[in-house]
Amino acid sequence: MLDPLVAYTRGAGIDAHWAVISGDAEFYEITKRIHNRLHGSAGDHGALATISRTGFPQLSTVLYFWDPAIGIARISTRADRAKARNVANYAHAALFVEGPDQWSFVVAEGDAALSPVSTRPGDATGLELLGLFPQPDPAAEAAFLQQQVAEQRVVIRLHVTRLYGDIIELPQ
């Protein structure tokens, strides 16, 4: 919720407030489980904000994978996509993740790093992606790794340094 809307919401009888939140590994794990259940997938959906050449924000819907042990969100993309080019030019990004309703959200901000382009089946980037998207058997793994090379895949690693957001509990 935007800060100016807090007073409006409170005037409607809803207990709302603006707060910058922080969390430990358990907090991240809980939010990950909630989103996994909502989306029915191993990864979660969000919007990645990067800074374009012109200085304006560029937003992309993404599937991200959160690693609470090290505080990194990983995002697979192609090297020629705007989000990859933007991270290469300006290494800061933010990931917006919706909560269970339109009033709840979390934003993870931090420094972003780009992996090398996958250029050889089984290279470090391809293996990192295979860890995010496990395959059922060796033949599928080989095909997956070849596809990462053909698509010139990279991994954006968002090293989260700041979290903020809002969760509102509506009266019953």
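Caption draft 1: The arrangement of the nonpolar core in detail. Counting residues in hydrophobic clusters, the biggest one holds 17 residues, and the most contacted among them are Y64, L95 and L158. Every element with two or more residues in this core is listed here: β2 (57-67), β3 (72-78), β4 (92-98), β5 (105-114) and β6 (153-166). No other element matches the four residues that β6 contributes to this core. Residues L129, L130, L145 and V155 belong to the second largest nonpolar core, which totals seven residues.

Caption draft 2: Inspection of the packing of aromatic side chains at higher detail. Scanning the model with the defined rule gives three aromatic pairs in all. Where F96 meets F105, the ring centres are 5.9 Å apart and the plane angle is 25 degrees; that geometry is what we call stacked. You can call F105 buried: its relative accessible area is 13%. Relative to F144, the ring of F133 lies with its centre 6.3 Å away and its plane at 40 degrees, an arrangement referred to as tilted. Taken as a pair, F133 in the loop between α4 (124-132) and α5 (138-150) and F144 in helix α5 lie far apart in primary sequence, 11 residues in all. Overall, the relative accessible area of 27% leaves F133 in the partly exposed class. Taken together through their ring pairs, the aromatic side chains of F65, F133 and F144 make up a single cluster.

Caption draft 3: Structural context of the pattern of salt bridges. Scanning the entire structure with this criterion turns up five salt bridges. A salt bridge links R74 to E128; its shortest N-O distance comes to 2.5 Å. Taken as a pair, R74 in strand β3 and E128 in helix α4 lie far apart in primary sequence, 54 residues in all. The same class applies to R74 and to E128, which are both buried. The shortest N-O distance in the salt bridge between R162 and E109 comes to 3.1 Å. Of this pair, R162 sits in strand β6 while E109 sits in strand β5; the two residues are 53 residues apart in sequence, bridging distant segments of the chain. With a relative accessible area of 38%, R162 lands in the partly exposed category. Linked by salt bridges that have partners in common, R74, E128 and R157 make up one network.

Reading the values: rules and limits
- Residues numbered from 1 in each chain as written.
- Predicted model: local features only at pLDDT ≥ 70, side-chain atom pairs only at ≥ 80, totals over all residues.
- Heavy atoms only, no water.
- Core = buried A, V, L, I, M, F, W, Y, C linked by side-chain atoms within 4.5 Å.
- Buried < 20%, exposed > 50% of the residue type's maximum accessible area, 1.4 Å probe, protein only.
- Helix = DSSP H or I, 4+ residues; strand = E, 2+ residues; numbered from the N terminus.
- Phe/Tyr/Trp six-rings, centres within 6.5 Å; stacked < 30°, edge-to-face > 60°.
- Salt bridge = Lys/Arg side-chain N within 4 Å of Asp/Glu carboxyl O.

Just geometry here; none of it tells us what the structure is for.
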